[in-house]
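Now for the letters of each chain:
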Amino acid sequence: MADKTVTITDNATGKQAEMPVRSGTHGPDLIDIRTLHSELGYFTYDPGYSTSGSCQSDITFIDGDQGILLYRGYPIEQLAEQSSFLEVARLLIHGDLPTKTELAHFETSITHHTMVNESLRIFFNGFHYNAHPMAMLTGVVGSLSAFYHDTIDINDPDNRLLCAYRIIAKMPTIAAAAFKHMVGEPFVHPLNRLSYTGNLLNMLFARPSEDFEINPVAERALDQLLILHADHEQNASTSTVRLAGSTGANPFAAISSGCAALWGPAHGGANEAVLNMLSEIGTVDQVPKYIEKAKDKNDPFRLMGFGHRVYKNYDPRATIIRKTCHEVLDELGVGNDPQLELAMRLEEIALADDYFVERKLYPNVDFYSGIIYRALGIPKEFFTVLFAIGRTPGWIAQWMEMLSDPEQRIGRPRQLYTGPARRDYVPLHRRR
């Protein structure tokens, strides 16, 4: 039973209902309204579910006002500085930081599943040469269930874990194949002697005609970006994975639905929007003009990559990746890239401008990730695919948690119907 309750009164009838208040480890309390309809005859109305809790979760906590992001209780700052992506992936799935032996076993399990069936690789031949890589990723991930239909019993914990390992392992392989199809180059098979992120870079940029040497600064930067994207509470794509999974759909279909949701420019495509904005600004001398446009309420121009819907103070992920961004630019010697020079000038002016400082419109993780990807030579169409690779462990952890939750039910939101009242059919010859 809840320690606290809230009494809701129907002012029209005077009838009352006592609702329990549920408390979590961190964050605001939630009113449990599941009996509201049976007691008072009402549903609640919350477009976008921005004030509704759809589940209880042990995975991720965000305090946007304080700029806090925790994975299983661990601050994102500590994980990004000291951990690896695969260690974070295991943390999200299993709940605790692994021992050295546990991490080695997890890394081996992932490495064992990096290959994809050759028939699946042929799928890419069916895509148009200029197909968007997210279209390819969404379709091919969903098709994985056709290859593993005998081990996708979602009621079997061992099957669920096997699917988790397979999806995390194969996402870079599928993503890299989409990249190679996009640029018209031969596919590169995974190399199990490389790290997870090193393998991804090799599959993206290696060619049969020449050797490819992995830059450790680039490898660490990409690994860090994957960590920062690994989970973010009940966002649009994660909620989509849970909603699809609540129907009993196989995990490959659920993750594919997450990819589709992530594809949207308001979600995973935000860092691509940053580069589009930089292209619109054009040159460094135009920055002051566009800063003024951003301040003008009557001007439709908006600074992309600044501020965040959740973080009202600062995005803790941006604080981490800003340092890495500058390290990458220095290491790769791309400081003479006009667009990157423009981005750094925009950052400098915005951080010093009282208008943005007072409103806490700081550069967010999308701003810096877009710059890093650009510096690594990754086309902007592919940015969201990298986001999906990073978010996969979070999606899988949330899906597994949902299936083990005794309160889990098929998702079925309500609505406020505003269409015509009941009316009778009129024969065609009598209509005017």
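Residues numbered from 1 in each chain as written. Predicted model: local features only at pLDDT ≥ 70, side-chain atom pairs only at ≥ 80, totals over all residues. Heavy atoms only, no water.

1. Side note on the state of the cysteines
Operational definition: Cysteine sulfur atoms are paired as a disulfide whenever they fall within 2.5 Å. Using a 1.4 Å probe on the protein chains alone, a residue whose accessible area is under 20% of its type maximum counts as buried, one over 50% counts as exposed, and one in between counts as partly exposed.
Taken as a whole and judged by the stated rule, the model has 0 disulfides. Cys 259 takes part in no disulfide bond, and the closest cysteine sulfur, belonging to Cys 163, lies 15 Å away. By relative accessible area, which is 0% here, Cys 259 ends up buried.

2. A short note on the packing of helix α3 (residues 85-94) against helix α7 (residues 157-183)
Note the following rule: The axes used here are C-alpha line fits, helices contributing only the stretch in contact, and every angle between their N-to-C directions lies in the interval 0 to 180 degrees. The way it works is that DSSP assigns letters per residue, a run of H or I at least four long becomes a helix, a run of E at least two long becomes a strand, and they are numbered from the N terminus. By the definition adopted for this analysis, an angle is roughly parallel if under 35 degrees, roughly antiparallel if over 145, roughly perpendicular if from 65 to 115, and oblique otherwise. Crossings are assigned a handedness: left-handed for a near helix turned anticlockwise from the far helix by less than a right angle, right-handed for a clockwise turn. Residues are treated as being in contact if the distance between any of their heavy atoms lies within 4.5 Å. Note on residue classes: Ala, Val, Leu, Ile, Met, Phe, Trp, Tyr, Cys and Pro are nonpolar, Asp, Glu, Lys and Arg are charged, and everything else, Gly too, is polar.
Closest axis-to-axis distance for the α3/α7 pair is 12 Å, and the angle between their directions is 155°. The angle between α3 and α7 places the two elements in the roughly antiparallel class. The chirality of how α3 crosses α7 is right-handed. Between α3 and α7, the contacting residues are Leu 86, Ile 93 and His 94 on the first element and Leu 161, Ala 164, Tyr 165 and Ile 168 on the second. A breakdown of the residues in the contact of α3 with α7 according to their chemical character gives 6 nonpolar, 1 polar and no charged.

3. Things to note about the environment of Gly 67
Mapped onto the elements, Gly 67 comes out in the loop between β4 (60-63) and β5 (68-71). In the structure, Gly 67 is positioned 248 residues away from Asp 315 in sequence and 5.7 Å away in space, judged by C-alpha atoms.

4. A look at the sheet that holds strand β1 (residues 4-9)
Inclusion rule: If DSSP finds at least two bridges between two strands, the strands pair.
The 3 strands lie next to each other as β1-β2-β3, forming an open sheet whose pairing is antiparallel. Pairing within the sheet leaves two strands with one partner each, and these edge strands are β1 and β3 (30-31). Pairing of β1 with strand β2 (residues 16-22) involves 6 bridges; the strand directions are antiparallel. Bridge pairing links Val 6 to Met 19 in β2.

5. Considerations on the sheet that holds β5
If you walk across this open sheet you meet the 3 strands as β4-β5-β6, and the pairing is antiparallel. Of all strands in the sheet, those bounded by a partner on one side alone are β4 and β6 (74-75). Across 4 bridges, β4 lies against β5 in antiparallel orientation. Counted as the bridge partner of Asp 63 is Ile 68 from β5.

6. Side note on the pairing of β5
Linking β4 back to β5 in an antiparallel pair, the connection comprises 4 residues, with Gly 67 at a positive phi of about 70°. In this structure, β5 lies alongside β6, joined through 2 bridges in antiparallel fashion. Along β6, the bridge assignment pairs Leu 70 with Pro 75.

7. Focus on the packing of aromatic side chains
The condition is simple: Any two of the Phe, Tyr and Trp rings considered here, Trp counted by its six-membered ring, make a pair once their centres fall within 6.5 Å; the pair's planes then place it as stacked at under 30 degrees, edge-to-face at over 60, or tilted in between.
Enumeration over the complete set of coordinates arrives at 15 aromatic pairs. Between the aromatic rings of Phe 179 and Phe 205, the centroid separation amounts to 5.8 Å while the plane-to-plane angle is 75°, which identifies the pairing as edge-to-face. One end of the pair, Phe 179, is in helix α7; the other, Phe 205, is in helix α8 (residues 196-205), and 26 residues separate them in sequence. Here Phe 367 and Tyr 368 contribute two aromatic rings whose centre-to-centre distance is 5.2 Å and whose plane-to-plane angle is 85°, an arrangement assigned as edge-to-face. Judged by relative accessible area, Phe 367 falls into the buried class, the value being 0%. On the basis of relative accessible area, Tyr 368 is assigned to the buried category, the value being 2%. Ring pairing ties together the aromatic residues Phe 306, Tyr 355, Phe 356, Phe 367 and Tyr 368, which thus form one cluster.

8. Points about the pairing of β2
Burial along β2 is one-sided: Ala 17, Met 19 and Val 21 are buried, and none of Gln 16, Glu 18, Pro 20 and Arg 22, which face the opposite way, are. The antiparallel hairpin formed by β1 and β2 contains 6 residues in its connecting segment, where Gly 14 sits at a positive phi of about 80°. Where β2 meets β3, 2 bridges bridge the pair, whose relative direction is antiparallel. By the bridge assignment for β3, Val 21 is matched with Ile 31.

9. Focus: the nonpolar core
One recurring pattern in soluble globular proteins is that nonpolar side chains are buried together. The line we're drawing: Nonpolar cores were defined as sets of buried Ala, Val, Leu, Ile, Met, Phe, Trp, Tyr and Cys residues, with membership established by side-chain atoms within 4.5 Å.
Core analysis: the largest hydrophobic core is formed by 115 residues, its most contacted members being Tyr 71, Leu 137, Ile 174, Leu 303 and Leu 346. Per-element accounting of this core gives the leading share, 13 residues, to α7.

10. Topic: the UniProt feature "active site" (unreviewed entry) in the protein
Counted only if it meets this: UniProt positions are given in the numbering used here, feature names are shortened, and annotations may be inferred rather than shown by experiment.
The residues that UniProt annotates with the feature "active site" (unreviewed entry) are His 308 and Asp 366. What stands out for the annotated residues spanning 59 residues is how close their C-alpha atoms remain, the widest pair being 9.6 Å apart. Residue His 308 is classed as partly exposed on the basis of its relative accessible area, which comes to 23%. Note on placement: Asp 366 falls in helix α17 (residues 365-375). In this view, Asp 366 contacts Ala 270, Asn 271 and Val 274; residues no more than four positions away in its chain are not counted.

11. Here's the deal with unusual backbone geometry
Most peptide bonds take the trans configuration, and most residues that are not glycine carry a negative phi. Of note in this structure, Tyr 49 is not a glycine but carries a positive phi near 55°. Locating Tyr 49 in the fold gives a position in the loop between α1 (36-40) and β4.

12. Section: the packing of α7 against helix α11 (residues 251-262)
Angle between the axes and distance between the axes: these two values describe a pair of packed helices. Across the interface, α7 lies against α11 with an axial gap of 10 Å and an inter-helix angle of 45°. In terms of their interaxial angle, α7 and α11 are classed as oblique. Where α7 crosses over α11, the two elements pack in a sense that is right-handed. Within the contact between the two elements, α7 uses Cys 163, Ile 167 and Met 171 and α11 uses Pro 251, Phe 252, Ile 255 and Cys 259. For the contact of α7 with α11, the per-class residue count stands at 7 nonpolar, no polar and no charged.

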